[in-house]
Amino acid sequence: MGALTDAEAGEPRTGGPRTTGTRSRTRTTPFRGLPKQARSRVTRRHLLEAAVSCLAEHGWAGSTVAVVAERAGVSRGAAQHHFPTRESLFTAAVEYVSEERSTALRELFQAAPAPRPAVLEALVDLYTGALFRAALQLWVAASNEEQLRPQVTELEARVGRETHRIAVELLGADESAPGVRETVQGFLDMARGLGLANVLTDDTARRERVVAQWSRIIDAALG
């Protein structure tokens, strides 16, 4: 493979601060002195984080490759070098941040077993932030975009399986026992519904009561 050009590697444009990630923030990136392959990896990460932010804030219609590139602080050509199509950019973005969130969730309870209510609250949090809003925009777009639908369908299935595995692991659930698998999946389905309710209004108070009730249901089912 030949050496990347500055545009391909994603050398950031000069100018003011840029914002990326699941919330807006100022980023100063130490590109100077980095090998071009390292620049390329950093640029790709910035694009993925910026894409999630744009989807969550502006929806599918307002999230173009040019908008994402501007937020990431790179040229549109650099963005298209990494992601030739709009569809590939946004599905990769949601997958990337989903994986990051899953890793963070595992690490949160790695040191010692956590009380089940804390695990349930952490699982619900997966469905109430910017990542879920971005994924929701992607699902809505996929219902109307033939080119996007297969990628989103596959992504949703993969993320769903991984989230279920994490829930089983953190809850210490024995899925060989009758009804346990369905109870865990029912909780995750309920958590997704809470995330939908939270999109329009702050549903914190009701969510806490619902999660407390599900904690009792989980305890009864898992023993």
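Quick caveat: nothing in here was measured; it's all calculated off a predicted structure.

Within this structure, the stated rule accounts for twelve salt bridges. Its salt-bridge partner being glutamate 146, residue arginine 149 comes within 3.4 Å of it at the nearest N-O pair. Overall, arginine 149 belongs to the partly exposed group, its relative accessible area being 31%. Given the relative accessible area of 57%, glutamate 146 is considered exposed. For glutamate 154, the salt bridge goes to arginine 158, with nearest N and O atoms at 3.3 Å. Residue glutamate 154 and its partner arginine 158 are both found in helix H8 (residues 149-171); the two are separated by four residues, about one turn of the helix. In this structure glutamate 154 comes out as exposed when scored by relative accessible area, which is 51%.

Fine structural detail should not be taken from predicted coordinates in areas where pLDDT scores are low. Per-residue pLDDT for the chain averages 82, and the proportion of residues at 70 or more is 84%. Between the elements of the chain, mean pLDDT differs from a low of 40, seen in helix H1 (residues 6-9), to a high of 95, seen in helix H3 (residues 65-72). Low pLDDT, under 50, characterises residues 1-30; the predicted model gives this stretch 70 contacts beyond four residues in sequence or across chains.

Moving on to helix H9 (residues 180-200). Compared with the 30 Å implied by 1.5 Å per residue over 21 residues, the 32 Å span of H9 between its first and last C-alpha is a close match. Turning to H9, its buried residues are Val180, Thr183, Val184, Phe187, Leu188, Met190, Ala191, Leu194, Gly195 and Asn198. The arc that holds every buried residue of H9, seen down its axis, measures 160 degrees, which confines them to one face. Exposed and facing more than 90 degrees away from the buried side of H9 are Glu182 and Leu200.

The rules behind the values
- Residues numbered from 1 in each chain as written.
- Predicted model: local features only at pLDDT ≥ 70, side-chain atom pairs only at ≥ 80, totals over all residues.
- Heavy atoms only, no water.
- Salt bridge = Lys/Arg side-chain N within 4 Å of Asp/Glu carboxyl O.
- Buried < 20%, exposed > 50% of the residue type's maximum accessible area, 1.4 Å probe, protein only.
- Helix = DSSP H or I, 4+ residues; strand = E, 2+ residues; numbered from the N terminus.
- pLDDT = per-residue confidence, 0-100.
- Contact = heavy atoms within 4.5 Å.
- Expected span 1.5 Å × (residues − 1).
- Arc of directions from axis to C-beta.

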